[in-house]
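Listed here are the chains, written in short residue letters.
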Amino acid sequence: MDSAQENERSAPPDGTDYVQVQQSAEFGELRSTFRSFAFPLTVGFIAWYLLYVLLSNYAGGFMATKVVGTINVAFVLGLAQFLTTFLVAWWYSRHAAAKFDPKGAAIKNRLDGEA
């Protein structure tokens, strides 16, 4: 095989290829899968964070309630914010590896195969 044929096969896809991929049902399914996972998770996390902020500002008596010794509800909920952040990141990572990455790799392989 001569170098001209190799260059044609190894050339990156042009912009029309990306538009076709974006309009494909396969890409639409990937976007739908992502949105159905990420949007509810994001809304839930923001609601949980805003609840913590609102409780901190307007429910001082409740937040000052002692749980154990000098540890109060505000401290427990504050630590829960950190724990929730790490759990969301871990859950997203697992979900992406199981659901998004295989679909994305299939689209990429199809695009690379057509180039």
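The rules we used
Residues numbered from 1 in each chain as written. Predicted model: local features only at pLDDT ≥ 70, side-chain atom pairs only at ≥ 80, totals over all residues. Heavy atoms only, no water. Helix = DSSP H or I, 4+ residues; strand = E, 2+ residues; numbered from the N terminus. Buried < 20%, exposed > 50% of the residue type's maximum accessible area, 1.4 Å probe, protein only. Contact = heavy atoms within 4.5 Å. Areas by Shrake-Rupley, 256 points an atom, 1.4 Å probe, with all protein chains shown as cover. Expected span 1.5 Å × (residues − 1). Salt bridge = Lys/Arg side-chain N within 4 Å of Asp/Glu carboxyl O. Core = buried A, V, L, I, M, F, W, Y, C linked by side-chain atoms within 4.5 Å. Phe/Tyr/Trp six-rings, centres within 6.5 Å; stacked < 30°, edge-to-face > 60°.

Draft legend 1. Up close: the overall build of the protein. Counting its regular elements, the protein contains five helices and two strands. The linear arrangement of helices and strands in the protein, starting from the amino end, is α-α-α-α-β-β-α. Within the span of the protein, comprising 115 residues, buried residues form 20% of the whole. Sequence-distant contacts, at least 24 apart, represent 65% of the contacts inside the protein between residues at least 6 apart. For the protein, the exposed surface amounts to about 8300 Å²; the carbon and sulfur share of it is 65%.

Draft legend 2. Looking closely at helix H3 (residues 25–58). Between its first and last C-alpha, H3 extends 48 Å over 34 residues, near the 50 Å set by a 1.5 Å rise per residue. Taken residue by residue, H3 has Leu30, Thr33, Phe37, Ala38, Leu41 and Tyr52 as its buried positions.

Draft legend 3. Region of the structure containing the environment of Phe62. With respect to the helices, strands and loops of the structure, Phe62 is situated in helix H4 (residues 60–63). The exposure class of Phe62 is partly exposed, given its relative accessible area of 45%. Separated by twelve residues in sequence, Phe62 and Ala74 have C-alpha atoms that sit 8.3 Å apart. Setting aside chain neighbours within four positions, we find Phe62 in contact with Leu55 and Val73.

Draft legend 4. Geometry of the pattern of salt bridges. Taken as a whole and assessed by the stated rule, the structure comprises three salt bridges. The salt bridge partner of Arg110 is Glu26, with a shortest N-O separation of 3.0 Å. Taken as a pair, Arg110 in helix H5 (residues 73–114) and Glu26 in helix H3 lie far apart in primary sequence, 84 residues in all. Classification of Glu26 by relative accessible area gives partly exposed; the value is 30%. For Lys103, the salt bridge is made with Glu29, and the minimal N-O distance between the two is 3.2 Å. Within this pair, whereas Lys103 is found in helix H5, its partner Glu29 is found in helix H3, the two being separated by 74 residues in sequence. The exposure class of Lys103 is partly exposed, given its relative accessible area of 24%.

Draft legend 5. Inspection of the nonpolar core at higher detail. Core analysis: the biggest nonpolar cluster contains eight residues, these being Val21, Leu30, Phe37, Leu41, Ala96, Phe100, Ile107 and Leu111. Per element, the largest residue contribution to this core is four residues, and it comes from H5. Dropping the residues within four chain positions of it, Phe37 is found in contact with Trp91, Tyr92, His95 and Phe100. In this structure, Tyr52, Met63, Ala74 and Leu77 belong to the second largest nonpolar core, which totals five residues.

Draft legend 6. Broad picture of the packing of aromatic side chains. Going through the model one piece at a time under the given rule, you end up with six aromatic pairs. Centroid distance Phe34 to Tyr92: 6.5 Å. Interplanar angle 85°. Geometry classified as edge-to-face. In this pair, Phe34 is assigned in helix H3 and Tyr92 in helix H5, connecting sequence segments 58 residues apart. With 5.2 Å between their ring centres and 85° between their planes, Phe37 and Trp91 make a pair best called edge-to-face. Of this pair, Phe37 sits in helix H3 while Trp91 sits in helix H5, placing them 54 residues apart in sequence. Classification of Phe37 as buried rests on a relative accessible area of 9%. Chaining the aromatic ring pairs together yields one cluster made of Phe34, Phe37, Trp91, Tyr92 and Phe100.

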